[in-house]
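Observations on chain architecture
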Amino acid sequence: MKVLFYDTKKYDRDSFEEIAGEFPDIEVDYLEADLSVQTAKLAYGYDAICAFVSSDVGTAVVEGLAKVGVKLILMRCAGFNNVDVECANSKGITILRVPGYSPEAVAEHAIALALAVNRRIHKGYIKVRDNNFSLVGLTGANFYKKTAGIIGTGKIGAAMCRICAGFGMKILAYDIYQNPDLDFVEYVSLDRLLAESDLISLHCPLTDDSYHLICKDTIEKMKDNVVLVNTSRGALINTEDLIAGIRNRKFFGVGLDVYEEETNNVFENREDDILETSITARLLSFPNVIVTSHQGFLTKEALEAISRTTFENAAAFETGDIKKENLVGIFAK
């Protein structure tokens, strides 16, 4: 099998090359360019392509991949909201993903954002580097004995629940499906979670129902001085409404590893660019906001798990022994 990897960074190549020797029947080539209508043509002669969470795998791209004979799309991530699954199915293209590479990696980044924005670590770091040792503006609040509201209790949300419990927090959770392993968690309505939580962390997938889950109406239901963290998908939050809430001093702090309109920024060095939109600049202008660049997954352990599962998915496609939880599209060869 020949696989073409798109949007490959150094850490991607290093991680995949460490695993590649275990799969001698899979030949891999890497591209720095991301997947697009134009670059889809480069997949001619390949059996499969590998894309990431920020790649465009929409209708036009899928059609382009089908034209050059691609039969398998390997997503080296859990999410697939950027993939036109229906179009891929209609073209006989199978889609396989990595559903659970390291939930602890993302959950640990979520709590890191919560702690950093709560204790103003970002401001303290900059002040000390300028030889300013004043503590003015750095006052935080204890998480101990406070309430954490976890929206979505899949593998990542469950890991976040365990971390917050370790901090001595009361845990409220909201999910359509309750996790029976979380016997220390109280499942409540979304309205109650919003009203009682001192820390709210988002760990749910982006669907039609969850799009702009955090908006003017839900923000108004939150406690004053709440800490909000999002390491899931940017479009879970209506950014304009979030900015209005920050300006109205609703939030003590906001930590975002994902945000709307992040597509052109994620994983790219744009320090010499003028950003096309003011949304990112406005978010970064607030002293109680921390934005990171979709790095919640970025640990050595997670990268190894992503690489191994991606290769295993490619091998399973050849043998027909596909794990159901990894399958997004139809199985077609």
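In what follows, the structure referred to is the one given above.
In what follows, the accompanying structure is described. (Residues numbered from 1 in each chain as written. Predicted model: local features only at pLDDT ≥ 70, side-chain atom pairs only at ≥ 80, totals over all residues. Heavy atoms only, no water.)

Regarding the sheet that holds strand E7 (residues 170-174)
Read across the open sheet, the seven strands follow the order E8-E7-E6-E9-E10-E11-E12; overall the sheet is parallel. Each edge of the sheet is formed by a strand with only one pairing partner; in this case those strands are strand E8 (186-187) and strand E12 (289-291). Set on the sheet, helix H6 (residues 155-166) makes contact with strand E6 (147-151), E7 and strand E9 (199-202); between it and E6 the angle comes to about 175°. (Pairing = 2+ DSSP bridges. Helix = DSSP H or I, 4+ residues; strand = E, 2+ residues; numbered from the N terminus. Contact = heavy atoms within 4.5 Å. Axes fitted to C-alpha atoms, helices over the stretch in contact; angles between N-to-C directions.)

Side note on the sheet that holds strand E5 (residues 94-96)
The strand order across the open sheet formed by five strands is E2-E1-E3-E4-E5, and the pairing between neighbours is parallel. Both edges of this open sheet fall to strand E2 (27-30) and E5, since each of them pairs with a single strand only. Between one strand axis and the next, the sheet turns through 20° on average, direction left out of account. When strand E1 (residues 2-5) meets E2, the two strands line up parallel, connected through four bridges. Note on E2: the bridge partner recorded for Leu4 is Asp29.

Points about the pairing of E9
Side chains Leu199 and Ser201 project from E9 onto one buried face, and the interleaved Ile200 and Leu202 project onto a second face that is buried too. For E6 and E9, the ladder comprises four bridges, and the chain directions are parallel. Looking at the pairing, Ile151 lines up with Leu202 of E9. Bridge count for E9 against strand E10 (residues 226-230) is four bridges, and the pairing is parallel. Note that in E10 the partner of Ile200 across the bridge is Leu228. Each parallel crossover has a hand, and for E9 linked through helix H8 (residues 216-221) to E10 it is right-handed. (Buried < 20%, exposed > 50% of the residue type's maximum accessible area, 1.4 Å probe, protein only. Right-handed = clockwise from strand over helix to strand, strands pointing away.)

Overview of the state of the cysteines
In total, this model carries zero disulfides according to the counting rule given. Just so you know, Cys161 is unpaired, no disulfide at all, and the nearest cysteine sulfur is the one on Cys164, 6.9 Å from it. Cysteine Cys215 shares no disulfide, and the gap to the nearest cysteine sulfur, in Cys204, comes to 13 Å. Overall, the relative accessible area of 19% leaves Cys215 in the buried class. (Disulfide = S-S within 2.5 Å.)

Here's the deal with the pattern of salt bridges
Here the structure, examined in full by the defined rule, presents twelve salt bridges. In this structure, Lys9 and Asp7 form a salt bridge, with 2.6 Å as the shortest nitrogen-oxygen distance. In this structure, the salt-bridge partner of Arg192 is Glu196, at a minimum N-O distance of 3.0 Å. Taken together, the residues span about one helical turn, with Arg192 and Glu196 both in helix H7 (residues 190-196) at a distance of four residues. The class for Arg192 is partly exposed, based on a relative accessible area of 28%. Beyond isolated ion pairs, a larger network of salt bridges with shared partners links Glu22, Glu304 and Arg308. (Salt bridge = Lys/Arg side-chain N within 4 Å of Asp/Glu carboxyl O.)

Notes on the packing of helix H4 (residues 103-118) against H6
Where H4 meets H6, the axes come as close as 8 Å, and the angle between the chain directions of the two elements is 50°. Regarding the angle of H4 to H6, the classification is oblique. Crossing of H4 over H6 shows right-handed handedness. Residues Pro103, Glu104, Val106, Ala107, Glu108, Ala110 and Ile111 of H4 form the contact with H6, whose own contacting residues are Lys155, Ile156, Ala159, Met160, Arg162, Ile163 and Cys164. (Parallel < 35°, antiparallel > 145°, perpendicular 65-115°, else oblique. Left-handed = near helix turned anticlockwise from the far one by under 90°.)

Some thoughts on the nonpolar core
Core analysis: the biggest nonpolar cluster contains 54 residues, and Leu35, Ile49, Leu65 and Ile73 have the highest contact counts within it. Counting residues per element, this core draws most heavily on helix H11 (residues 300-319), which supplies seven residues. Leaving out residues up to four positions away in the same chain, Ile73 has contacts with Ile49, Val57, Val62, Leu65, Ile93, Thr94, Ile95 and Leu96. Counting residues in each nonpolar core, the second largest holds 28 residues, with Val188, Leu242, Leu256 and Tyr259 among its members. (Core = buried A, V, L, I, M, F, W, Y, C linked by side-chain atoms within 4.5 Å.)

A closer look at the environment of Gly140
Structurally, the position occupied by Gly140 is in the loop between helix H5 (121-129) and E6. In this structure the C-alpha to C-alpha distance between Gly140 and Ala116, which are 24 residues apart in sequence, comes to 9.6 Å. Apart from residues lying up to four places away in sequence, Gly140 is in contact with Asn118, Arg119 and Phe252.

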